[in-house]
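Secondary and tertiary structure notes
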Amino acid sequence: QNILENEPSLRYAPQVSLVADDYSVQIGNHVASVSFGRPYPGWKNTSETILKLAPILKSTNMLGEVERFSLRYTDVIPDDDVRTLDGLVVNLQLGEISLSDKTTHLRTELPQGEFLHIIQIGRPADLISQRTGERSKGTLVDIDTIAVCAEDDFWSGFPSRLERAHDASKTLFFSLLTLETEASLEPEY
């Protein structure tokens, strides 16, 4: 137990994973997470599941005071749609050399209102789903929207904060796509 508490790389690692058909729940001494695989079930189903699980997690008393929460989307824009970073509203160059068609991985932190977005963009990306083994190749767009929780009663404000985090993350994601890329993904609103 002391190793888990004192080793920074293990402190927030889950010790238990519960797997359902379309999502999994991971729980540790300082972490609880819900992960959804592909295909993405849509925000309505995702938020309903999270809001259904939140009071159950709270009632276990396994979680102490909530320090922060995050909503993370990891998307891979298929190579069929984008073969360079030109499909994103991202301009990267070193001196006079464009990085658009180079192997590139970018990580940045963007504070925005009550949230901090950690954005990672990588090309080429080759991800394999742990749940299904499905392989995705293309351009990685990973947005982790984090909120630090300062109030005493995290749980009562959680539903509205979850919705605001989703709105902020979704707005940021679509702002990173060119109009052509967005159209090629055929989003449903």
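These lines cover the structure that appears in this document, whether it is placed above or below. (Residues numbered from 1 in each chain as written. Predicted model: local features only at pLDDT ≥ 70, side-chain atom pairs only at ≥ 80, totals over all residues. Heavy atoms only, no water.)

1. With respect to the pattern of salt bridges
- Counted according to the given criterion, the structure contains 7 salt bridges.
- Of the charged contacts, one joins Arg107 and Glu109 as a salt bridge, the two residues approaching to 3.2 Å between their closest N and O atoms.
- Classification of Arg107 as partly exposed rests on a relative accessible area of 48%.
- Between Arg135 and Asp126 there is a salt bridge, with its nearest N and O atoms 2.8 Å apart. (Salt bridge = Lys/Arg side-chain N within 4 Å of Asp/Glu carboxyl O. Buried < 20%, exposed > 50% of the residue type's maximum accessible area, 1.4 Å probe, protein only.)

2. Some points on the packing of helix H3 (residues 43-59) against helix H4 (residues 154-175)
- Between H3 and H4, whose axes approach to 11 Å, the crossing angle comes to 155°. Viewed along their axes, H3 and H4 adopt a mutual orientation that is roughly antiparallel. In this structure, H3 crosses over H4, and the sense of that crossing is right-handed. Here Trp43, Ile50, Leu51, Ala54 and Lys58 of H3 come into contact with H4, specifically with Trp155, Phe158, Pro159, Leu162, Glu163 and His166.
- Across the contact of H3 with H4, the residue classes tally to 8 nonpolar, 1 polar and 2 charged. (Axes fitted to C-alpha atoms, helices over the stretch in contact; angles between N-to-C directions. Helix = DSSP H or I, 4+ residues; strand = E, 2+ residues; numbered from the N terminus. Parallel < 35°, antiparallel > 145°, perpendicular 65-115°, else oblique. Left-handed = near helix turned anticlockwise from the far one by under 90°. Contact = heavy atoms within 4.5 Å. Nonpolar A, V, L, I, M, F, W, Y, C, P; charged D, E, K, R; others polar.)

3. A look at the sheet that holds strand E8 (residues 115-128)
- In space, the 4 strands of this open sheet follow the order E4-E9-E8-E7, with antiparallel pairing throughout. Of all the strands in the sheet, the pair left with one neighbour each is strand E4 (68-78) and strand E7 (104-112). The mean inter-strand angle of the sheet, taken between neighbouring strand axes irrespective of direction, is 15°.
- Here 11 bridges tie E8 to strand E9 (residues 135-148), and the two strands are oriented antiparallel to one another. Residue Ala125 lies in a different strand from E9, and its bridge partner there is Gly138.
- On top of the sheet, H4 reaches E4, E7, E8 and E9; it is set at about 30° to E4, its chief contact. (Pairing = 2+ DSSP bridges.)

4. Brief notes about the side chain of Asp142
- The topology assignment puts Asp142 in strand E9.
- Here Asp142 falls in the buried class, since its relative accessible area comes to 3%.
- Reaching out from Asp142, the side chain makes a polar contact with the side chain of Arg72 at a distance of 3.0 Å.
- In contact with Asp142, not counting residues within four places along its chain, are Arg72, Tyr73, Thr74, Ile118, Ile119 and Gln120. (Polar contact = N/O pair within 3.5 Å; in protein donor to acceptor, adjacent residues only side chain to side chain.)

5. A look at H4
- Helix length check: H4 (22 residues) gives 29 Å between terminal C-alpha atoms against 32 Å at 1.5 Å per residue, within 8%.
- Of the residues making up H4, those classed as buried are Phe154, Phe158, Arg161, Leu162, Ala165, His166, Ala168, Ser169, Leu172 and Phe173.
- For H4, the secondary structure elements touched by its buried residues are H3, E4, E7, E8 and E9. (Expected span 1.5 Å × (residues − 1).)

6. So, the sheet that holds strand E2 (residues 23-28)
- Spatial ordering of the open sheet is given by E1-E2-E3, a layout of 3 strands whose pairing is antiparallel. Single-partner strands in this sheet number two, and they are strand E1 (16-19) and strand E3 (31-36). Neighbouring strand axes in the sheet, compared pairwise and without regard to direction, differ in orientation by 15° on average.
- The pairing of E1 with E2 spans 4 bridges and is antiparallel. By the bridge assignment for E2, Val19 is matched with Ser24.

7. Considerations on the packing of aromatic side chains
- For the structure shown, the criterion picks out 8 aromatic pairs.
- Consider the rings of Tyr23 and Phe36, whose centres lie 5.8 Å apart with planes at 40°: the pair is tilted. Residue Tyr23 is located in strand E2, and its partner Phe36 is located in strand E3; the two are separated by 13 residues in the primary sequence.
- Note on Tyr23: relative accessible area 15%, which makes it buried. (Phe/Tyr/Trp six-rings, centres within 6.5 Å; stacked < 30°, edge-to-face > 60°.)

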